[in-house]
Amino acid sequence: MEFLYEYGLFLAKAVTLVVAIAVVVAIVVSSAVKPKAEKGELHLSDLSDELSSLKHHLNAELLDKKAFKQYEKQQKAAEKAKAKETDDNVSRVFVMDFKGGIEAAEVASLRREISAVLAVANSHDEVVVNVESGGGMVHGYGLAASQLERFRAANIPLTVCVDKVAASGGYMMACVANKIVAAPFAIIGSIGVVAQLPNFNRLLRKHDIDYEQHTAGEFKRTITMFGENTEEGREKFREELEETHHLFKDFVGRYRPELAIDKVATGEHWYGQQALDLGLIDQIGTSDDLLMSLANERQVFKVQYQIKKKLADKIGHGASVLLHACIDTLTSRNRAV
């Protein structure tokens, strides 16, 4: 009986493993054979209503009956005044979040959110975008900044809030705004360009491994990870970096002409108060403070386009979160603020 029990347990484990492998293979094959366009849903939530409900609940608990009745009368009067406003005179605020990674892949959702807002916005409306990014690929963040430019082109006031970081590509996005609001210790700036990669050529030669690379065009490939780099290739690569830096500086200068661009475009970053003194931002504050003040007078809506994730993406995201959590735990002792 003990043998049968062990055998049954082994068989169950084997079947589970085979089924798991089969599911993973099926997901991979399905993704490769039948690529589908990303699908998602647009969500709209009334932040003004949420804040009003919270305020109402707290006042109900804190005020005495007489004061609470007076408060309710004031609220009803304010609601009647809003109801009399015509659709053409209604002033709304649309809020979006952009938390960008290295490739700025989040622009896929941002562009849909912007298109949706532009379809209904009028000249009385305003847009607030909460940006959180340390930068990344030039083309990805260039596209993200171009998406924000659509509001400027439509003459819709744009405010960018930075609670944590808007550096490099993140600042490229932020500088498009009519107004930049940043928290006191938010990281701002890093107007520069960086590129780095290892070279394994000496390691390959040590082990008698040949590497061939064929190109058409003198500078089709300037530096490489596996071949022997030349000084001409390095010089051309540095030239390309300088050209990108000049484009970055010109872009920032176009939207913030009052900046001493050569002083701030050194690749350095600054905290909020320093950035205010340098003219990189316009106001010190958090996104919460700004939205609460806006909600007192106007209707504030949160706009969010959520792309439906495939099972493989969810598994990969879960693994990534677990890995980052482990790294954070291991390195937390060496961190300082």
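Residues numbered from 1 in each chain as written. Predicted model: local features only at pLDDT ≥ 70, side-chain atom pairs only at ≥ 80, totals over all residues. Heavy atoms only, no water.

Enquirer: Explain the packing of helix H5 (residues 138–153) against helix H8 (residues 231–255) to me, please; I cannot follow it from the model alone.
Expert: How two helices pack is summed up by the angle between their axes together with the distance between the axes. For the pair H5 and H8, interaxial distance at closest approach is 13 Å and the crossing angle is 15 degrees. In terms of their interaxial angle, H5 and H8 are classed as roughly parallel. Handedness of the H5/H8 crossing: left-handed. Contact with H5, carried on its side by Val 138, Ala 145, Glu 149 and Arg 152, involves Thr 244, Phe 251, Arg 254 and Tyr 255 of H8 and no other residues of that element. (Axes fitted to C-alpha atoms, helices over the stretch in contact; angles between N-to-C directions. Helix = DSSP H or I, 4+ residues; strand = E, 2+ residues; numbered from the N terminus. Parallel < 35°, antiparallel > 145°, perpendicular 65-115°, else oblique. Left-handed = near helix turned anticlockwise from the far one by under 90°. Contact = heavy atoms within 4.5 Å.)

Enquirer: Even after reading the chapter, I still don't get the nonpolar core, so can you show me in this structure?
Expert: Taken as a class, soluble globular proteins show a tendency for nonpolar side chains to be buried jointly. Ranked by internal contacts, the top residues of the largest apolar core, which has 48 residues, are Met 96, Val 127, Val 129, Tyr 171, Met 173, Ile 188 and Leu 280. Looking at this core, you find at least three residues from each of domain 1 (40–67 + 84–192 + 266–311) and domain 2 (194–259). With residues near it in sequence (within four places) discarded, Ile 188 still touches Val 162, Ala 166, Tyr 171, Ala 182, His 269, Trp 270, Ala 275, Leu 280 and Ile 281. In this structure, Val 93, Val 128, Val 181 and Leu 294 belong to the second largest nonpolar core, which totals 11 residues. (Core = buried A, V, L, I, M, F, W, Y, C linked by side-chain atoms within 4.5 Å. Buried < 20%, exposed > 50% of the residue type's maximum accessible area, 1.4 Å probe, protein only. Domains from an automatic or database assignment.)

Enquirer: Help me understand the packing of helix H4 (residues 107–120) against H5 in this model?
Expert: Closest axis-to-axis distance for the H4/H5 pair is 10 Å, and the angle between their directions is 10 degrees. Relative to H5, H4 is oriented roughly parallel. Residue-level contacts link Val 107, Leu 110, Arg 111, Ile 114, Ser 115, Val 117 and Leu 118 of H4 to Leu 143, Ala 144, Gln 147, Leu 148, Arg 150 and Phe 151 of H5. In the contact of H4 with H5, the residues fall into nine nonpolar, two polar and two charged. (Nonpolar A, V, L, I, M, F, W, Y, C, P; charged D, E, K, R; others polar.)

Enquirer: Honestly, the side chain of Arg 92 in this entry has me stumped. Any pointers?
Expert: Relative to the helices and strands, Arg 92 resides in strand S2 (residues 92–99). Of the polar contacts made by the side chain of Arg 92, one reaches the side chain of Asp 125; its length is 2.8 Å. In this structure, Arg 92 is in contact with Val 120, Ala 121, Asn 122, His 124, Asp 125, Glu 126, Arg 298, Gln 299 and Phe 301, ignoring residues within four places of it in sequence. (Polar contact = N/O pair within 3.5 Å; in protein donor to acceptor, adjacent residues only side chain to side chain.)

Enquirer: It is not clear to me how the pairing of S2 should be interpreted in this structure. Could you clarify?
Expert: Residues in a regular strand point their side chains to alternate faces of the sheet. Summarising burial for S2: six of the eight residues are buried, a large majority. Sheet analysis places S2 next to strand S10 (residues 299–307), joined by four bridges and oriented parallel. Paired with Val 95 across the strands is Lys 302, a residue of S10. Sheet topology note: the S2/strand S3 (residues 126–132) ladder contains seven bridges and is parallel. Residue Phe 94 lies in a different strand from S3, and its bridge partner there is Val 127. After leaving S2, the chain enters H4 and then returns to the sheet as S3, a path that is right-handed. (Pairing = 2+ DSSP bridges. Right-handed = clockwise from strand over helix to strand, strands pointing away.)

Enquirer: Just checking my understanding: could you explain the packing of aromatic side chains for this structure?
Expert: For any pair of aromatic rings, the description rests on two quantities: the centre-to-centre distance and the angle between the ring planes. Summed over all chains, the structure comprises six aromatic pairs. With a centroid separation of 5.5 Å and an interplanar angle of 45 degrees, the aromatic rings of Tyr 211 and Phe 226 are classed as tilted. Linking Tyr 211 in the loop between helix H7 (201–206) and H8 with Phe 226 in the loop between H7 and H8, this pair joins segments that are 15 residues apart in sequence. Overall, Tyr 211 belongs to the partly exposed group, its relative accessible area being 35%. Within the aromatic cluster, the residues linked to one another by ring pairs are Phe 200, Tyr 211 and Phe 226. Residue placement shows Lys 236 over the ring face of Phe 219; its charged tip is 5.2 Å from the ring centre. (Phe/Tyr/Trp six-rings, centres within 6.5 Å; stacked < 30°, edge-to-face > 60°. Lys NZ or Arg CZ within 6 Å of the ring centre and 35° of its normal.)

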